[in-house]
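So the chains spell out like this:
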Amino acid sequence: QYSPDSVAGADGEIDPTEVTFPGCSCRSSSCVPPECPCLSRGENYSSSLRLRLAEQQEQRFSRPVFECNSLCQCGEGCQNRLVQRGLQLRLQVFRTERKGWGVRALEPVPRGAFVCEYAGEVLGSAEAHRRIQAQTPQDTNYIIAVREHLHDGRVMETFVDPTRIGNVGRFLNHSCEPNLFMVPVRVDSMVPKLALFAATDISAGEELSYDYSGRFHNLPGTSREHNPPEEENSLRKPCYCDSRTCASFLPWDSSLFSTP
């Protein structure tokens, strides 16, 4: 079932559509810092509606992204509303030679531009682990676990499963040298939208990909991926990204296969 936005999972533990953030009282058509409380919470988009990439790389911790929400007084044209507007680019799902389905852009995509969300059922930790452990080695795994490392040492986890309900993001392939990267963007609540942005200028017709492990655009050591024993390699899926730094296998996170 196609859904442009994430929905509550079958476990009913998390509702991504719930509005819990207060809205700003800005009366202008487009909010500006520092007057807008939404903008003061985290990172701002540039005037060309792109994510500011340089600042993220210069800091030890990326600033979070909070967009204006449904309770805000600003207009729909506010430049702090980007991911919530959904897909704006022309994308195409196509059959690749060795990787199954893939997604490519039908138009040039500038660096920092929002491409699409990775949408699906938002699950609680227990249900996410249950579904992953029920999979066989032949099953395709679409469940993603996003971990945000806070400055005080806490880790926030978000699990999204687009296996049965999802959007075009579920067809994106992994690459060890990707042209997209994922950023959690919050609009109405602490449940983030898993937004994919262009890491570089992308040409029309180029396949879109991101690093499933989370290593790309992040500090070393933040990924839970590890090098499994040789006998576990038989269970891992080969990587066909054909990049110069290809790791030969798709990312492996053993914590997802243990009891939470």
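Figured I'd write up the structure that's included with this text.

Rules used throughout
Residues numbered from 1 in each chain as written. Predicted model: local features only at pLDDT ≥ 70, side-chain atom pairs only at ≥ 80, totals over all residues. Heavy atoms only, no water. Helix = DSSP H or I, 4+ residues; strand = E, 2+ residues; numbered from the N terminus. Buried < 20%, exposed > 50% of the residue type's maximum accessible area, 1.4 Å probe, protein only. Pairing = 2+ DSSP bridges. Salt bridge = Lys/Arg side-chain N within 4 Å of Asp/Glu carboxyl O.

Points about the environment of serine 125
Inspection of the secondary structure puts serine 125 in helix 3 (residues 125-133). A residue is classified by how much of its surface remains accessible, and serine 125, at 23% relative accessible area, is partly exposed. Along the primary structure serine 125 and glutamate 157 are separated by 32 residues, whereas in three dimensions their C-alpha atoms are 8.0 Å apart.

Here's the deal with the sheet that holds strand 9 (residues 173-174)
A sheet is described by the order of its strands in space; here 4 strands give the open sequence 3-4-12-9, paired in mixed fashion. Edge positions in the sheet fall to strand 3 (91-95) and strand 9, since each has one partner strand and no second. Pairing of strand 4 (residues 101-105) with strand 12 (residues 207-210) involves 2 bridges; the strand directions are antiparallel. Paired with valine 103 across the strands is leucine 208, a residue of strand 12.

A word on unusual backbone geometry
The omega angle of the peptide bond from proline 33 to proline 34 is 0°, so this bond is cis rather than trans. Locating proline 34 in the fold gives a position in the loop between strand 1 (7-8) and helix 1 (37-40). Of note in the backbone geometry, aspartate 242 takes a positive phi value of approximately 60° without being a glycine. Mapped onto the elements, aspartate 242 comes out in the segment after strand 12. Residue aspartate 242 is classed as exposed on the basis of its relative accessible area, which comes to 62%. Positive phi is not limited to glycine here, since serine 248 has a value of about 80°. Residue placement: serine 248 occurs in the segment after strand 12. Accessibility expressed as a relative area gives 44% for serine 248, which makes it partly exposed.

Notes on the pattern of salt bridges
Scanning the model with the defined rule gives 13 salt bridges in all. The shortest N-O distance in the salt bridge between arginine 131 and glutamate 121 comes to 3.0 Å. Of this pair, arginine 131 sits in helix 3 while glutamate 121 sits in strand 6 (residues 121-123), placing them 10 residues apart in sequence. Glutamate 121 matches arginine 131 in its accessibility class, with the two residues each being buried. Through salt bridges that share partners, Glu121, Glu127, Arg130, Arg131 and Asp161 make up one connected network.

Just distances and angles here, no functional claims.
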